[in-house]
Every structure is written in structure tokens, then in C-alpha cells.
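Close look at the chain arrangement
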Amino acid sequence: QVQLVESGGGLVQPGGSLRLSCAASGFAFSSHTMNWYRQVPGKERELVAGIISGDRSANYADSVKGRFTISRDNAKNTVYLQMNSLKPEDTAVYYCNAHWAGLTLVRNYWGKGTQVTVSS
């Protein structure tokens, strides 16, 4: 059974930091690209950061570049999102995503999300 379980969300003041974790099980973690998305009510889910498995290249949304860092530990089947210098506009539900694409098949797995609230 595929599971993605996010943790580490919470309430933090502007300028503060949080580290999100996503523990994966039930699929070949090391072969999947791992992503963090976020969503606020009334808006589409947006890609925040992603990290591929091979050379572990990472990409970021412009809004979080220089503040967020995505990393993964294939031995622990876990992906992380270190969030620094948080802003109120970072408030959202953050979702972990596992993505794999072959020639004729695409797989996407999702966690249930963790709430991040940035407020004074």
C-alpha cells in the first residue's frame, strides 16, 4: 500500500523556519521524482520544489528560491523541505508528491498534506 505521510507543519512567525518531512512507503522511492506542492483555498495547487532521483537536481518556484531547500534520503525513503525566512504568503497546505513517468505510464502519489501557517 502506497503511503506518503507529511509532518513538520505548524504555526510560525514571519522570518521563522520550518522543516517538512515526507515519509514514503509502498513503492520504489528511489526511482521517483519527489515534489512539494502547496495549496490555499480557492487557488490551484502549485509546485514549490522538486528533486529528481538520479543526480538529485532540484528546481524551485521563483517565489521560494533562496529560501527553501528540498532534499531527499533514499536510504530512509524520506524527502524534506527546509523553509527559511518564511512569509505570510507561504501559508498553505503543503503536499508531498511522488512522480514517475515511463513511455506509456505515469504515476502520481499524494500525501494528505500538512498545514503551514505564517503569522504574527
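See the structure shown above.
Since we're looking at a predicted model, the values are computed, not measured.

1. Re the environment of Tyr80
- Tracing the chain through its elements places Tyr80 in strand β8 (residues 78–83).
- For the pair Tyr80 and Leu11, spaced 69 residues apart in sequence, the C-alpha to C-alpha distance is 18 Å.
- Beyond its immediate stretch of four places on either side in the chain, Tyr80 contacts Arg19, Leu20, Ser21, Trp36, Thr69, Ile70, Ser71 and Asp73.

2. A look at the sheet that holds β8
- Spatially, β1-β3-β8-β7 is the arrangement adopted by the four strands of the open sheet, whose pairing is antiparallel. Of all the strands in the sheet, just β1 (3–7) and β7 (68–73) have a single pairing partner and so form its edges. Between one strand axis and the next, the sheet turns through 15 degrees on average, direction left out of account.
- Two strands pair when backbone bridges link them, and strand β3 (residues 18–25) and β8 are joined in this way by six bridges, in the antiparallel orientation. Note that in β8 the partner of Cys22 across the bridge is Val79.

Reading guide: rules and limits
- Residues numbered from 1 in each chain as written.
- Predicted model: local features only at pLDDT ≥ 70, side-chain atom pairs only at ≥ 80, totals over all residues.
- Heavy atoms only, no water.
- Helix = DSSP H or I, 4+ residues; strand = E, 2+ residues; numbered from the N terminus.
- Contact = heavy atoms within 4.5 Å.
- Pairing = 2+ DSSP bridges.
- Axes fitted to C-alpha atoms, helices over the stretch in contact; angles between N-to-C directions.

Without other data, these values stay purely geometric and don't point to any function.
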